[in-house]
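Structure at a glance
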Amino acid sequence: MAVKLVDATISSFGSVFEKFKAEAPQNKVNLILFLADNDPSTKLSWCPDCVRAEPVILKKLEALPDDVAVLRAYVGDRPTWRNPQHPWRVDSRFKLTGVPTLISWENDAVKGRLEDYEAHLEPKINALVSGN
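Residues numbered from 1 in each chain as written. Predicted model: local features only at pLDDT ≥ 70, side-chain atom pairs only at ≥ 80, totals over all residues. Heavy atoms only, no water.

1. A few points about the pattern of salt bridges
- If you walk through the whole model with that rule in mind, you get ten salt bridges.
- Between glutamate 23 and lysine 19 there is a salt bridge, with its nearest N and O atoms 3.4 Å apart. Placement of the pair is glutamate 23 and lysine 19 together in helix 1 (residues 13–23), with a separation of four residues, close to one helical turn.
- The class of glutamate 23 is partly exposed, set by a relative accessible area of 32%. (Salt bridge = Lys/Arg side-chain N within 4 Å of Asp/Glu carboxyl O. Helix = DSSP H or I, 4+ residues; strand = E, 2+ residues; numbered from the N terminus. Buried < 20%, exposed > 50% of the residue type's maximum accessible area, 1.4 Å probe, protein only.)

2. Observations regarding the nonpolar core
- Ranked by internal contacts, the top residues of the largest apolar core, which has 39 residues, are Ile32, Phe34, Phe94 and Val99.
- Counting only elements with at least two residues in this core, the list comes to helix 1, strand 2 (29–35), helix 2 (48–62), strand 3 (68–74), strand 4 (101–106) and helix 5 (122–130).
- Those residues in contact with valine 99 that sit more than four places away from it in its chain are Phe34, Leu35, Ala36, Trp46, Cys47, Asp49, Cys50, Val75, Trp81 and Asp116. (Core = buried A, V, L, I, M, F, W, Y, C linked by side-chain atoms within 4.5 Å. Contact = heavy atoms within 4.5 Å.)

3. As for the side chain of serine 104
- As for its placement among the helices and strands, serine 104 is situated in strand 4.
- Take serine 104: its relative accessible area is 7%, and that puts it in the buried class.

4. Details of the side chain of glutamate 115
- The residue glutamate 115 is located in the loop between strand 5 (109–114) and helix 5 in this model.
- Under the relative-accessibility criterion, glutamate 115 is labelled buried at 14%.
- The residues contacting glutamate 115, other than those within four sequence positions of it, are Thr97, Pro100 and Thr101.

5. Quick look at unusual backbone geometry
- With omega at 0°, the peptide bond leading from valine 99 into proline 100 counts as cis.
- Among the secondary structure elements, proline 100 is positioned in the loop between helix 4 (87–90) and strand 4.
- Positioned with a positive phi, lysine 43 is a non-glycine residue whose angle comes to about 65°.
- Topologically, lysine 43 is positioned in the loop between strand 2 and helix 2.
- With relative accessibility at 62%, the residue lysine 43 sits in the exposed group.
- One non-glycine residue, aspartate 108, lies in positive phi territory at about 60°.
- Within the fold, aspartate 108 resides in the loop between strand 4 and strand 5.
- The exposure class assigned to aspartate 108 is exposed, which follows from its relative accessible area of 53%.

Nothing here speaks to function; it is all geometry.
Below is the structure:
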C-alpha cells in the first residue's frame, strides 16, 4: 500500500486541494489532516495533540493494503490559528474547531472526521478509514 502525502499551507491550499480532489477517484482512501505548523525555533509543532496524533495516524495508514492520499494542511502558528476568522474555521466544508482534525473525503464531500481529542486513537482511525 502506498501513502501519498502532499502538504499545503493556508496560502497554497486552494491549488493543492483542487489537485487532491481531481486525483481522489484514483485512491481507495482520501484524507485531509489539519495540523499546527512547526515552531521554527524547535522544529516541533506548537500543538502537543498534533505531535501525539500525526505519527499514530501515519503508522496506521502505512499498514493499510490500499492506496491512501493524505493532504496535510497546516493551519499556521498559534496566533493565526486562534483567530476566530481563520479560513478553515469559517469554511462551511471543514468548520474546524481544533487541531489535529482528520477528515475522510469522499465524493467531493466530508464523509467523516476525527476531532483533536480523538485523532490519535487507533480504533477511531480504523473506523474512519474503513467508513464505519
